[in-house]
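# Close look at the chain arrangement
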Amino acid sequence: FHIESERPFGDLFTLNKAGEITTDKLVSGTDLKAYVDFKIPLDGTIRMKVGISAVSAEGAKRNLDQEIKDWNFNTLRQQAATAWNKELSKIEVKGGTRDQQVSFYTALYHTMVAPNIFQDVDGQYRGTDLEVHKADSFSNYSVFSLWDTYRAYHPLMTIIDQARTRDWIKTFLWQHKNGGMLPVWELAGNETFCMIGYHSVPVIFDAYQKGIFKGMEDKLLYAMLDYANSDRYGLGHYQLNGYLSNDKEHESVSKTLEYAYDDWCIAQFAKMIGDERVHQRFLQRAQFYKNVFDPSTRHMRGKLQAMWQSPFDAKEINNFYTEGNSWQYSFAVPHDIETLVRLHGGRDSFAKKLNELFTTSSQTTGREQPDVTGLIGQYAHGNEPSHHMAYLFNYVGMPWRTQELVHKINTEFYKNSPEGLIGNEDCGQMSAWFVLSAMGFYPVCPGNGEYVLGTPLFDEVMLRLENGKSFSIKAKRPTPGSFYVKGIKLNNKPHTASYIRHTDIMNGGSFEFTLSPSPVKTWATKNQDLPHSAIKSREIVSVPYFDVISNKFRDKMTVKLASINRGGDIYYKITGDTVTSGFVKYTRPFTIDASCTVQAHAASVGDRDRSNPVFQRFYRIPGDVSIKVHSNVHPMYTAGGPEALIDGIKGTTNWRAGEWQSYFGTDLDAVVDLQKSKPVKYLGVHVLQDVDPWILYPAEVIFSTSSDGKNFTEVLRVQNPVDQQDTSVQVRELGGSVNATARYIKVKVVNAGKLPSWHESTGNPSHLFIDEIIIK
């Protein structure tokens, strides 16, 4: 940075790292502080100018010298007001209340706060390799909250700010060249990876499909594939199995769904530029969402290996989803809604399930998630995965229901008050939803060139476009507050579809809504009037799944396989210590009586196509031991029940994989019954520590033995030797040798207590994670 003062200051003091004051004018090191004092002028005003740079102090001075040449603050303020008024005048609204107009322009302002120009006046910038580069023929930007903004923010910019959109895409390409990847969530030259997906892809494709960005097709496709074909964040398993399971990658359902949409964008981009091989491959990947659709619940449901996570609660916020639950992700297939409708059993069934989303209880279960706000039923407007869902009724011929919900959100969730937003702004996405929806439309599937219609909030909207044309949106209301659509005219001609194309807007013209005070249930119900969202070629064979509650058993177990495919067969083979078979056709449930792995795949009719392979491990639990647990296990981390503690299976550091039990804010008290008295030489427990998510090793473990189950004698007490401030994710056995004969083993694992003062969540209870009691 570089700071200049209009008036000379008196003294300059510096403080070194130790906090010692020095009068040295030139100091170096880290954690330095400096302060100055001024003699207050008669008018009480001291003006200072600050220039900043991500490159150098010299760059900061050059920026300051060019951008603020004098000391006239009023002139600068007027220049800022003029610049903002020019930008905000791209959309002019009339009608509505004053508060609604203020909310609208506040939202439009929010959409222009980020991304930010991230370069000096001479074009130098710090890249994602943290080296200095120079922008040539574009402005380099920073702050790309893409998981949020690909949904509505960037589509809005394709209408009102195409010039910056082109700069953003060029920035993406240079970030790929400099830092080795397209941005996920980039901030000030640093890739934070704080969200999921590779959503720079839909931003690129949406702009390309709309003709905003042309050229460099080979570089764009290479950059897309470079991320999509990598092993980052479970992508290797996603490509192998056709979905992610939580034993491979946490937030597995959300990542599968988001990856599938991004892959659809790659497929369509490849098709546009004539790469049929990539088009076909990624069109298949775009359908991987089917592999986490559970037909029994009609929800997107998590898997552990190839079986459904159980017990299942669609309202539970857990590690299978990103900032949400199954309700908030089960309609997240914007690119293939027609197939999703079919999987639900048709339009009526889909509409019923969709309506349940908005009418069921708003109570969530599982962990606390502050992002899940603005609830209408389980629809969460305060977070991005839900943002398109109110518009899905259009796809089943019920646009009147979309109009009801959009009007409710527009009028109740965007207020002219300090609490005016119902959730996190997320770099303009929350406001972009409002800007678009208040005009009467929304991009359910960025990249397909359509905006799905809702209902306009204002009586008149004028869009002034960069190409010199304008597009007006008018609403004729027979009574104040009427918002149901009765009819529409596009350029004075009847428009019966419940969507509008991007080209219709950019060509300029007029769009007129005739509104009604009551629902018009006959409007936009015909097939030809519904929005488009379908993959119609080369339907994949979905993977089979194991229709079992648990993969653990005592004597024998019946294994059932199933799939959502229309026709075709399932094949499986068993591999284990006692049997190894070749693939056989699945015709009925089969029985296993030993620990083994079952591999399976599905095949289309005539075996033309096959699904990705799936693998499920089954464990036979020793029959000569049982357990009774006297403590309450955390409902999100049960590992399938008490027997998980004696099944002989030790978990890994991936505590989200379903193998661990949690005792939250409480001790574990359990008694193991060996069925008869036996010599015992060793006792221990297998535990985990991961300090950041509140998981601490126990303070101590106490083992006692008994022959009658009533009178116990302590035989071993083990203290935790690991410092709680050891932030590495780790597992260990806490145990030791004993010399006893007993039938019953009492185990008390003492919770570490509340999180210590140095922890960012100090004072909260801690988790005790345990997955095995070891008796030898």
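Details of the structure are given in the entry above.
### Brief notes about the side chain of asparagine 63
With respect to the helices and strands, the residue asparagine 63 is situated in helix 1 (residues 57-67). One polar contact links the side chain of asparagine 63 to the main-chain carbonyl oxygen of isoleucine 52, over a distance of 2.9 Å. Non-local contacts of asparagine 63, meaning those with residues more than four positions away in its chain, are made with Ile52, Ser53, Asp120 and Val121.

### As for the pattern of salt bridges
Within this structure, the stated rule accounts for 33 salt bridges. Among the salt bridges present, the one from glutamate 87 reaches arginine 164, with a minimum N-O distance of 3.5 Å. Here arginine 164 lies in helix 6 (residues 162-179) and glutamate 87 lies in helix 2 (residues 73-88), a separation of 77 residues in the sequence. The partner of aspartate 294 in a salt bridge is arginine 301, with the nearest N and O atoms 2.8 Å apart. Take aspartate 294 and arginine 301: they sit in the same class, and that class is buried. Among the charged side chains, a salt-bridge network with shared partners connects Glu87, Lys90, Asp161 and Arg164.

### Thoughts on the packing of helix 5 (residues 153-160) against helix 15 (residues 429-439)
Contact pair helix 5 / helix 15: the axes reach a minimum separation of 8 Å and the direction vectors enclose 55°. In this view, helix 5 runs oblique relative to helix 15, as classed from their interaxial angle. Crossing hand, helix 5 versus helix 15: left-handed. Contacts between helix 5 and helix 15 involve Tyr153, Leu156 and Ile159 on the former and, on the latter, Gln429, Ala432, Val435, Leu436 and Met439. Among the residues forming the contact of helix 5 with helix 15, the class breakdown is seven nonpolar, one polar and no charged.

### Some thoughts on the environment of threonine 705
Among the secondary structure elements, threonine 705 is positioned in strand 42 (residues 700-706). For threonine 705, a relative accessible area of 9% corresponds to the buried category. Here the alpha-carbon distance between threonine 705 and valine 672, two residues 33 residues apart in the chain, equals 9.6 Å. The contacts of threonine 705, once residues within four sequence positions are left out, are Asn711, Phe712, Thr713, Val715, Ala740, Ala742, Tyr744 and Ile745.

### Considering the sheet that holds strand 22 (residues 441-442)
Taken together, the three strands give an open sheet; going across it, the order is 22-23-28, and neighbouring strands pair in antiparallel fashion. Looking at which strands have only one partner, the edges of the open sheet turn out to be strand 22 and strand 28 (499-501). Judged from the three bridges that link them, strand 23 (residues 450-453) and strand 28 form a sheet pairing that is antiparallel. In the strand pairing of strand 28, tyrosine 451 is matched with isoleucine 500.

### Some words on the nonpolar core
In terms of nonpolar packing, the biggest core is built from 166 residues, with Ile91, Ile159, Ile266, Phe358, Met439, Phe546 and Phe618 touching the most fellow members. Per-element accounting of this core gives the leading share, 11 residues, to helix 10 (residues 252-272).

### Regarding unusual backbone geometry
Along the chain, alanine 114 connects to proline 115 via a cis peptide bond; the corresponding omega equals 0°. Mapped onto the elements of the fold, proline 115 is located in the loop between helix 3 (98-110) and strand 7 (116-117). In the segment running from serine 310 into proline 311, the intervening peptide bond is cis, with an omega of 0°. Unlike most non-glycine residues, methionine 216 shows phi in positive territory, near 60°. Mapped onto the elements of the fold, methionine 216 is located in the loop between helix 7 (200-209) and helix 8 (217-228). Taking the relative accessible area as the measure of exposure, methionine 216 reaches 38% and is therefore partly exposed. Despite not being glycine, glutamate 323 shows a phi value in the positive range, around 50°. Its location among the elements puts glutamate 323 in the loop between strand 18 (316-317) and helix 12 (337-343).

### Overview of the environment of tryptophan 758
With respect to the helices, strands and loops of the structure, tryptophan 758 is situated in the loop between strand 44 (730-750) and strand 45 (767-775). Sequence separation between tryptophan 758 and glutamine 725 is 33 residues; the distance between their C-alpha atoms is 8.5 Å. What tryptophan 758 contacts, discounting residues up to four positions off in sequence, is Val691, Gln724 and Gln725.

### Some remarks on the packing of aromatic side chains
Going through the model one piece at a time under the given rule, you end up with 41 aromatic pairs. For the ring pair tyrosine 238 and phenylalanine 288, a centre distance of 5.1 Å and an interplane angle of 75° mean the geometry is edge-to-face. Separated by 50 residues along the polypeptide, tyrosine 238 in helix 9 (residues 235-241) and phenylalanine 288 in the loop between helix 11 (276-285) and strand 14 (293-294) bring together distant segments of the chain. Phenylalanine 288 shares its class with tyrosine 238; the two are buried. Consider the rings of tyrosine 414 and phenylalanine 434, whose centres lie 4.4 Å apart with planes at 10°: the pair is stacked. Within this pair, whereas tyrosine 414 is found in the loop between helix 14 (399-412) and helix 15, its partner phenylalanine 434 is found in helix 15, the two being separated by 20 residues in sequence. This pair shows no difference in class: tyrosine 414 is buried, exactly as phenylalanine 434 is. Among the aromatic residues, those joined into a ring-pair cluster are Phe104, Tyr105, Tyr391, Tyr414, Trp433, Phe434, Tyr442 and Phe458. When the ring centre of tyrosine 682 is taken as origin, the NZ or CZ atom of lysine 776, which lies over that ring, is 5.2 Å away.

### Comments concerning the pairing of strand 41 (residues 668-689)
Bridging between strand 39 (residues 626-629) and strand 41 involves four bridges; their strand directions are antiparallel. Across the sheet, lysine 628 pairs through a bridge with valine 671, a residue of strand 41. Summarising the sheet, strand 41 and strand 44 pair through 17 bridges and their orientation is antiparallel. Looking at the pairing, valine 687 lines up with arginine 732 of strand 44. Where strand 41 lies against strand 45, six bridges are found, and the strand directions are antiparallel. Looking at strand 45, one finds that valine 687 is bridged to isoleucine 770.

Definitions and limits used
Residues numbered from 1 in each chain as written. Predicted model: local features only at pLDDT ≥ 70, side-chain atom pairs only at ≥ 80, totals over all residues. Heavy atoms only, no water. Helix = DSSP H or I, 4+ residues; strand = E, 2+ residues; numbered from the N terminus. Polar contact = N/O pair within 3.5 Å; in protein donor to acceptor, adjacent residues only side chain to side chain. Contact = heavy atoms within 4.5 Å. Salt bridge = Lys/Arg side-chain N within 4 Å of Asp/Glu carboxyl O. Buried < 20%, exposed > 50% of the residue type's maximum accessible area, 1.4 Å probe, protein only. Axes fitted to C-alpha atoms, helices over the stretch in contact; angles between N-to-C directions. Parallel < 35°, antiparallel > 145°, perpendicular 65-115°, else oblique. Left-handed = near helix turned anticlockwise from the far one by under 90°. Nonpolar A, V, L, I, M, F, W, Y, C, P; charged D, E, K, R; others polar. Pairing = 2+ DSSP bridges. Core = buried A, V, L, I, M, F, W, Y, C linked by side-chain atoms within 4.5 Å. Phe/Tyr/Trp six-rings, centres within 6.5 Å; stacked < 30°, edge-to-face > 60°. Lys NZ or Arg CZ within 6 Å of the ring centre and 35° of its normal.

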